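Residue-level structure breakdown
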Amino acid sequence: MMQLSGGRRIGSAALAAALIIGVTAACSSSTKTSAPTGSPTGTGIKKGLTVYFIPKDTQNPYEVIADQGGQTALQELGGKVVVSSGTSDTAAAQIPSIQAAIQARADAIVIAGNDPSALCPSLGQAFAAGIKIVSFDSDVTCPNHLFINQANTEQIGTSEVDVLAKQINSTGQIAILSAAATATNQNAWIGFMKKQLTKYPNMKLVKTVYGNDDPATSLTVLQGLLSAYPNLKGIISPTTVGISTAARYLSTHKDIAAKVTLTGLGLPSQMKPYIHDGTVQSFELWNPNDLGYLAGYAAASLASGSASLTPGTKFTAGKLKEYTVLPPSGDTGPSVVLGPPTVFDKSNVDQFNF
Ligand code: RAM
């Protein structure tokens, strides 16, 4: 199943039609959308660019907010965004969208990888066709792309463990409620969580479960976890879908909530009620709209030749100002980091609109 933005679900029979919609939408960009008159943000950026945003899926509110940030960026720059992806977090569901971008002769693709390597053959085809590749949210291991990282990967993993340790007195069984088992970002954060846990000998990670960023699956695996580990003291859910699903469940099961501490990465807009009713004390995130906005500017800058993958290259991202391309490190190629995450609790959660 493939879905274009606007909530339209498309079955396989209509897939060809969907591809044509993508082509039509992208080609119409050659008529050029004009930039706001006098806008200082588009210096050095070509007008009329088409950027395909391919989120993990089109249903996840986090991804929708990120894509909206990309749309704002391209609007400011006199170009356009086509949002296209599947309805489940798999690489297979994203490949038709990459093919659509190639057929539409898009200028750039911004993709959140549901898998580190399975998208590489298709992204390689796109690159060979002259399309600039940007990953955001969840990286891919293919060459020739820029990764827009939401925050330092090690800092996210480490701080999640520290936040939970503080709340459970560094003691007891803990579990992780993740998204898709193949999601690069989730696995990178979990890797650093495991490393950080070696500093807490009395905290034991008993299980990692995968809710695929689907609320129903997340609930099922959460319930399985709670029944398999009745002495569980803490859960880290580094996904907005997982943490909001778990918080909703715990808020209506106060007996369990009294024993199990939940933290992770959540949208303040979704988590507010659970902070105020005491189900969750604190969690973290960054602004997903800014992440998409930065990715949009990066994609447009690469497609215009005003930025490159060379470490040290600087480009301007509109209201977010200037960013510098960082050198490859570990499994990550050239990247840009949006900024540090924010910790939300009852003192500040109402101040955020995402
Ligand atoms: C989920 C997605 C996304 C992740 C956020 C925190 O919505 O899994 O990839 O970065 O949560």
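Let me begin by describing the structure that accompanies this report. It should be emphasised that the depicted structure is a prediction, and the values quoted were computed from it without experimental measurement.

So, the overall build of the protein
- For the protein, the count of helices and strands is 11 helices and 16 strands.
- In the protein, buried positions account for 53% of the 354 residues.
- Within the protein, counting contacts between residues at least 6 apart in sequence, those at least 24 apart form 73% of the total.

Some details on the site of the ligand
- The full set of residues close to the ligand is K56, N60, Y62, D137, S138, A179, N185, D213, T239, T240, V241 and L265.
- Across the shell around the ligand, the residue classes tally to four nonpolar, five polar and three charged.
- Viewed by domain, the shell around the ligand spans two of them, domain 1 (13-150 + 288-338) and domain 2 (153-285), each represented by three or more residues.

What to know about the pairing of strand β4 (residues 80-86)
- For β4, the tally of buried residues reaches seven of seven residues, placing the bulk of the element in the interior.
- The alternating pattern of β4 places K80, V82, S84 and G86 on one face and V81, V83 and S85 on the opposite face, and all of these are buried.
- Both strand β3 (residues 50-54) and β4 contribute to a ladder of four bridges, which runs parallel. Looking across to β4, one finds that Y52 is bridged to V82.
- Each parallel crossover has a hand, and for β3 linked through helix α2 (residues 61-76) to β4 it is right-handed.

Remarks on the packing of helix α5 (residues 153-167) against helix α6 (residues 184-197)
- Packing of α5 against α6 leaves a shortest axis separation of 7 Å and a crossing angle of 50 degrees. As far as their axial angle goes, α6 and α5 are oblique. Remark: the crossing between α5 and α6 carries right-handed chirality. Where α5 approaches α6, its residues T153, E154, I156, G157, T158, E160 and V161 are matched on the opposing element by A188, W189, I190, G191, F192, M193, Q196 and L197.
- Across the contact of α5 with α6, the residue classes break down as eight nonpolar, five polar and two charged.

A look at the sheet that holds strand β9 (residues 203-210)
- As summarised here, the arrangement of the four strands in space is β9-β8-β10-β11, forming an open sheet in which the pairing is parallel. A single partner strand is all that each edge strand has here, and the edge strands are β9 and β11 (261-264). The average angle at which neighbouring strand axes cross in this sheet is 25 degrees, direction not considered.
- With seven bridges connecting them, strand β8 (residues 172-178) and β9 associate as parallel partners. Residue pairing for β9: L177 is matched across the bridge by V209.
- Across the face of the sheet, α5 comes into contact with β8, β9, β10 (232-237) and β11 while running at roughly 160 degrees to β11.
- The sheet strands contacting helix α8 (residues 240-251) are β8, β10 and β11, and the helix crosses β11 at an angle near 160 degrees.

Section: the nonpolar core
- Ranked by size, the top nonpolar core spans 99 residues in total, and within it I109, V134 and A298 carry the most contacts.
- Taken domain by domain, this core gets at least three of its residues from each of domain 1 (13-150 + 288-338) and domain 2 (153-285).
- If we ignore the near neighbours within four places in the chain, the residues touching A298 are V134, L146, I148, A307, F315 and V336.

Focus: α2
- Across its 16 residues, α2 extends 23 Å between first and last C-alpha, which sits within 8% of the 22 Å expected from 1.5 Å per residue.
- Among the residues of α2, those classed as buried are Y62, E63, I65, A66, D67, G69, G70, Q71, A73, L74 and E76.
- Taken together, the buried residues of α2 touch β3, β4, β5 (108-111), α8 and α11 (288-304).
- Just downstream of α2 lies G78, where phi reads positive at about 75 degrees.

Considering unusual backbone geometry
- Backbone geometry places R105, a non-glycine residue, at a positive phi of 55 degrees.
- Here R105 lies in the loop between α3 (91-103) and β5.
- Residue classification places R105 among the partly exposed positions, given that 15 C-beta atoms sit within 10 Å.
- Not every positive phi belongs to a glycine, and N212 is a case in point at roughly 55 degrees.

A word on the packing of α8 against helix α10 (residues 268-276)
- Orientation of α8 relative to α10, taken along the N-to-C sense of each, is 25 degrees, at an axis distance of 10 Å. The angle between the axes of α8 and α10 places the two elements in the roughly parallel class. Note on packing geometry: the crossing formed by α8 with α10 is left-handed. Contacts from T240, I243, S244, A247 and S251 in α8 reach Q270, M271 and Y274 in α10.

Quick notes on the pairing of β5
- Here β5 shows a buried face lined by A108 and V110 and a second buried face lined by I109 and I111.
- Both β3 and β5 contribute to a ladder of four bridges, which runs parallel. When the bridges of β5 are listed, Y52 appears paired with I109.
- The β-α-β motif built from β5, the intervening helix α4 (residues 120-128) and the parallel element strand β6 (residues 132-136) has right-handed crossover chirality.

Some remarks on the environment of T240
- Looking at where T240 falls in the secondary structure, it is placed in helix α8.
- Measuring from C-alpha to C-alpha, the distance between T240 and E284 comes to 9.9 Å, with 44 residues separating the pair along the chain.
- The contacts of T240, once residues within four sequence positions are left out, are Y62, L265, G266, L267 and Q270.

The rules behind each value
- Residues numbered from 1 in each chain as written.
- Predicted model: local features only at pLDDT ≥ 70, side-chain atom pairs only at ≥ 80, totals over all residues.
- Helix = DSSP H or I, 4+ residues; strand = E, 2+ residues; numbered from the N terminus.
- Buried ≥ 20, exposed ≤ 12 C-beta atoms within 10 Å, placed from the backbone.
- Contact = placed C-beta atoms within 7 Å.
- Near = placed C-beta within 6 Å.
- Nonpolar A, V, L, I, M, F, W, Y, C, P; charged D, E, K, R; others polar.
- Domains from an automatic or database assignment.
- Pairing = 2+ DSSP bridges.
- Right-handed = clockwise from strand over helix to strand, strands pointing away.
- Axes fitted to C-alpha atoms, helices over the stretch in contact; angles between N-to-C directions.
- Parallel < 35°, antiparallel > 145°, perpendicular 65-115°, else oblique.
- Left-handed = near helix turned anticlockwise from the far one by under 90°.
- Core = buried A, V, L, I, M, F, W, Y, C linked by C-beta atoms within 7 Å.
- Expected span 1.5 Å × (residues − 1).

Note that all results are geometric; they support no functional claim without further evidence.
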